[in-house]
Amino acid sequence: MYEPKPEHHFTFGLWTVGNIGRDPFGNPTRAALSPEYIQVSMYEPKPEHHFTFGLWTVGNIGRDPFGNPTRAALSPEYILEKLAALGAYGVNLHDNDLVPIDATPAERDRIVLSFKKALADTGMKVPMATTNLFGDPAFKDGAFTNANAQIRAYAIQKAMNSMDLGAELGAKTYVFWGGREGAEVDAGGNTLNALAYMREAMNYLAEYSEDQGYGFKFAIEPKPNEPRGDIYFPVVGAALAFIYTLEKPHLFGLNPEVAHETMAGLNFVHAIAQAIDAGKLFHIDLNDQKMGRFDQDLRFGAENIKQAFLLVKLLEDTGYAGMKHFDAHALRTEDEAGVWEFAKGCMRTYLILAEKVKAFNADKEIQALLEHYHLKDPNLSNLTAKYSPSNAAALKAHSFDRAALGARGPGLELIDQLTMEVLMGVR
Ligand code: GLT
Ligand code: MN
Ligand code: MN
C-alpha cells in the first residue's frame, strides 16, 4: 500500500543515494554509483504500472515464413515467474497459448490448475483473454465471417469455451483480433455477408458473457492485412463505426495496436485520440513498426521515439487507466536472454517517456509556446460553442482581419524542436 510512485513527486539528490558511507573517522563503505546508474534504477517497472505481455509475445519462438524457430518454447509457468521478477502486472493469453487445441477435458483441467498455482505464487494477473481463431486450418478462410456456416458455429463455440477459461482466470477484457477475418478473393461474394456474420457473432458472445455473469468488456483489434490479403475492419475508425451497429455497443471498445495503423501508413496517435474521444480505448497493444512493412511487432519505442512519446503523452495526460499491453516480440536473432532484455526494454522505455512527458509539461518555455499556439478568444468562442440565431447573427456581423490571420505563425517549428530536445535529453 505504501509504495512510492512518481506522482508523489519524491526526489533524491545524486549525492544522497550516491553517498558512499565516508565519515570523518572512516573510509567509504560503499562503491560510488554513477549518475547514469542512479537515473537508470529510477525507471524500474512495478505491478502498479499495469504492464502486461501476451504469453505469445515473450513466448515467441522466432519462427517466420522463411525460417524455423530460433528459440525453444517457454512454459507459461516459467513466463509468469520471469515477468513477475521484471515487475510486470500480468499476462494475457489465447486459449491455445495455455491449453492445446486437442487437449482432453482432464488435460485442460490439469494445465489450468498448474497455471493458476503459478499465478498465485507469482501474484501475476490475467487481465485479458482472447481466442485463437487463426492458427488452425479450419479457420483458413475466416472464423466468425467464414462463408461456411459450420465453421462460423465452431468459431462461436470455441470463443465461448475460451471465455469460460478467461473468466476462470479473472480476465475482464476479451479481445477480438480477427486475423483470418478477411479475404484475398472478393469474387466469392462474402464482403457484405461478412459484416453481418461478424455482428451476429459479437452480439451472441456479448449475450453469453452477460448470461454467465462474466462481465467482459470486448475490445476489437483492427489490422489492415496479414495474414489475410485484406482484413475486415482494417483500422480503428472502421471498428469504431461498426461498434455502433451492435446490440450492446456499451460493452464494446477498441484494442488498437501501434504496428497495425503504422503498417497502413496511418498516424497511430490520431487513431488513439479518436478512440479516447469516443470513450472506447478499452485496451492497447504497444509495440513499434516501420511504415509499409510486414507486421514487425518491434520492442516499444524501438523505431519511432517521437511517436512513442506523443502516444505516452496522450495516455498519461488523459489518465488512461487500462492495461498497457506489449504485443511485441524479441527479434528472431535473439536467444532467451535477448527476450528478457526485450521485455525489460518495453517497460523501461514507457517509464522513461512518462518522465519525459512530465519534463515537457513542466517546461515553461514549451508551455508558453503552446499557449501562443492555442490562441484563445473567449468572445468568439462563445459565439461558436453552440448555434443560436443570435450567435449566428453576431458571428456573421463580426469582421475578421483575414490577412493578419494568414500572416500569424503558430510557432510549430520551435515546439517540435524543443520536443526533440526534451527527448534527446538536453532540456
Ligand atoms: C497475434 C496478433 C496480435 C493480436 C493477438 C491477439 S495475436 O499475435 O499479431 O496483434 O493482438 O489475438
Ligand atoms: Mn502486430
Ligand atoms: Mn495485437
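None of these values were measured; they are calculated from a predicted model.

A.B. asks: Pulling in residues and values, what's your account of the overall build of the chain?
C.D. replies: Helix and strand counts for the chain stand at 18 helices and ten strands. Seen through its principal axes, the chain has C-alpha atoms that stretch 85 × 65 × 45 Å. Looking at the chain residue by residue over its 427 residues, the buried ones come to 43%. Restricting the contact set of the chain to residue pairs at least 6 apart, pairs at least 24 apart contribute 76%. When the accessible surface of the chain is totalled, it reaches about 22,600 Å², and 56% of it is carbon and sulfur. Computed over 41 positive and 54 negative side-chain charges, the inter-centroid distance for the chain is 3 Å.

A.B. asks: Provide a residue-level description of the site of ligand 1, including the pertinent values.
C.D. replies: Taken together, Trp 56, His 94, Thr 130, Trp 177, Glu 221, Glu 257, His 260, Asp 285, Asp 295 and Asp 327 are the residues near ligand 1. Within the side chain of His 94, one N or O atom sits 2.6 Å away from an oxygen atom of ligand 1. In this structure, Asp 285 approaches ligand 1 through a side-chain N or O atom, which is 3.0 Å from an oxygen atom. A total of 320 Å² of accessible area belongs to ligand 1 in isolation, and the protein chains cover 90% of it. In a pocket analysis with a 2 Å cut-off to the grid points, ligand 1 is assigned to the largest pocket. Among the residues forming the shell around ligand 1, the class breakdown is two nonpolar, three polar and five charged.

A.B. asks: Any details on the layout of surface pockets? Residues and values, ideally.
C.D. replies: Estimates place the volume of the largest pocket at around 1,600 Å³. Among the secondary structure elements, those contributing two or more residues to the lining of the largest pocket are α3 (55-58), α4 (76-86), α5 (95-98), β3 (128-130) and β4 (173-177). Broken down by element, the lining of the largest pocket gets its largest block of residues, three residues, from α3.

A.B. asks: Which residues make up the coordination of the manganese ion (ligand 3), and what values go with them?
C.D. replies: The textbook angles at a metal center are 109.5 degrees for a tetrahedron of four donors and 90 or 180 degrees for an octahedron of six. Taken together, Glu 221 (OE), Glu 257 (OE), Asp 285 (OD) and Asp 327 (OD) make up the protein donors of the manganese ion (ligand 3), found 1.9 to 2.1 Å from the metal. In this structure, the manganese ion (ligand 3) is surrounded by six donor atoms whose angles at the metal cover 75 to 165°, and the resulting shape is octahedral. All donor residues of the manganese ion (ligand 3) come from one chain, and their arrangement in sequence is E-x35-E-x27-D-x41-D. Between the two metal centres, the manganese ion (ligand 3) and the manganese ion (ligand 2), the spacing is 4.7 Å, with Glu 257 acting as a shared donor. Linking Glu 257 in the loop between β8 (252-254) and α10 (258-263) with Asp 327 in the loop between β10 (324-326) and α13 (336-362), this pair joins segments that are 70 residues apart in sequence.

A.B. asks: I'd like to hear about the packing of helix α11 (residues 268-277) against helix α12 (residues 305-317), residue by residue, with values.
C.D. replies: The geometry of α11 relative to α12 is characterised by a closest axis approach of 9 Å and an angle of 10° between their N-to-C directions. When the axes of α11 and α12 are compared, the pair comes out roughly parallel. Between α11 and α12, the contacting residues are Phe 268, Val 269, Ile 272, Ala 273 and Ile 276 on the first element and Gln 307, Leu 310, Leu 311, Leu 314 and Leu 315 on the second. Of the residues belonging to the contact of α11 with α12, the class tally is nine nonpolar, one polar and no charged.

A.B. asks: Before we move on, could you go through the pairing of strand β6 (residues 217-221) and cite the residues and values that matter?
C.D. replies: Of all the five residues making up β6, four are buried; the element is thus mostly covered by neighbouring parts of the structure. As judged from the five bridges shared by β4 and β6, these two strands associate in the parallel manner. Bridge assignment links Tyr 174 to a residue of β6, and that residue is Phe 218. Strand direction decides the pairing type here: β6 and β8, joined by three bridges, are parallel. From the neighbouring strand, Ile 220 faces β8, where its bridge partner is Leu 254.

A.B. asks: Outline the coordination of the manganese ion (ligand 2), supporting the account with residue identities and numerical values.
C.D. replies: Note on the manganese ion (ligand 2): its protein donors are Glu 257 (OE), His 260 (NE2), Asp 295 (OD), Asp 295 (OD) and Asp 297 (OD). The metal-donor distances range over 1.9 to 2.7 Å. Written as a sequence motif, the donor residues of the manganese ion (ligand 2) are E-x2-H-x34-D-x1-D.

A.B. asks: Tell me about unusual backbone geometry, and name the residues and values.
C.D. replies: Note that the residue after Glu 226, namely Pro 227, is joined by a cis bond; omega there is 10°. Its place among the elements puts Pro 227 in the loop between β6 and β7 (230-231). A positive phi angle is found at Phe 233, which is not glycine, with a value near 55°. On the secondary structure map, Phe 233 appears in the loop between β7 and α9 (236-243). The phi dihedral of Asp 297 is positive, around 50°, even though this residue is not glycine. Since its relative accessible area comes to 11%, Asp 297 is described here as buried.

A.B. asks: Before we move on, can you summarise the pattern of salt bridges with the specific residues and values?
C.D. replies: Taken as a whole and judged by the stated rule, the model has 16 salt bridges. Between Arg 427 and Glu 365 there is a salt bridge whose closest N-O contact spans 3.0 Å. In this pair, Arg 427 sits in the segment after α18 (412-423) while Glu 365 sits in helix α14 (residues 364-373), placing the two residues 62 residues apart along the sequence. Given a relative accessible area of 40%, Glu 365 falls into the partly exposed group. Taken together, the shared-partner salt bridges connect Arg 108, Asp 109, Lys 116 and Glu 168 into one network.

Definitions and limits used
- Residues numbered from 1 in each chain as written.
- Chains lettered and ligands numbered in written order.
- Predicted model: local features only at pLDDT ≥ 70, side-chain atom pairs only at ≥ 80, totals over all residues.
- Heavy atoms only, no water.
- Helix = DSSP H or I, 4+ residues; strand = E, 2+ residues; numbered from the N terminus.
- Buried < 20%, exposed > 50% of the residue type's maximum accessible area, 1.4 Å probe, protein only.
- Contact = heavy atoms within 4.5 Å.
- Areas by Shrake-Rupley, 256 points an atom, 1.4 Å probe, with all protein chains shown as cover.
- Lys, Arg positive; Asp, Glu negative; His and termini not counted.
- Charge placed at Lys NZ, Arg CZ, Asp CG, Glu CD.
- Near = heavy atom within 4 Å.
- Polar contact = N/O pair within 3.5 Å; in protein donor to acceptor, adjacent residues only side chain to side chain.
- 1 Å grid on protein atoms, 1.4 Å probe; cavity = no way out; pocket = protein on both sides within 12 Å on 5 of 7 lines; lining within 4 Å.
- Sits in = over half its atoms within 2 Å of the grid points.
- Nonpolar A, V, L, I, M, F, W, Y, C, P; charged D, E, K, R; others polar.
- Points joined across faces, edges and corners; volume = space filled by probe spheres on them.
- Donors = N, O, S within 2.8 Å, 3.2 Å for Na, K, Ca; no water.
- Tetrahedral: all angles 85-135°; square planar, octahedral: opposite > 155°, others 65-115°.
- Axes fitted to C-alpha atoms, helices over the stretch in contact; angles between N-to-C directions.
- Parallel < 35°, antiparallel > 145°, perpendicular 65-115°, else oblique.
- Pairing = 2+ DSSP bridges.
- Salt bridge = Lys/Arg side-chain N within 4 Å of Asp/Glu carboxyl O.

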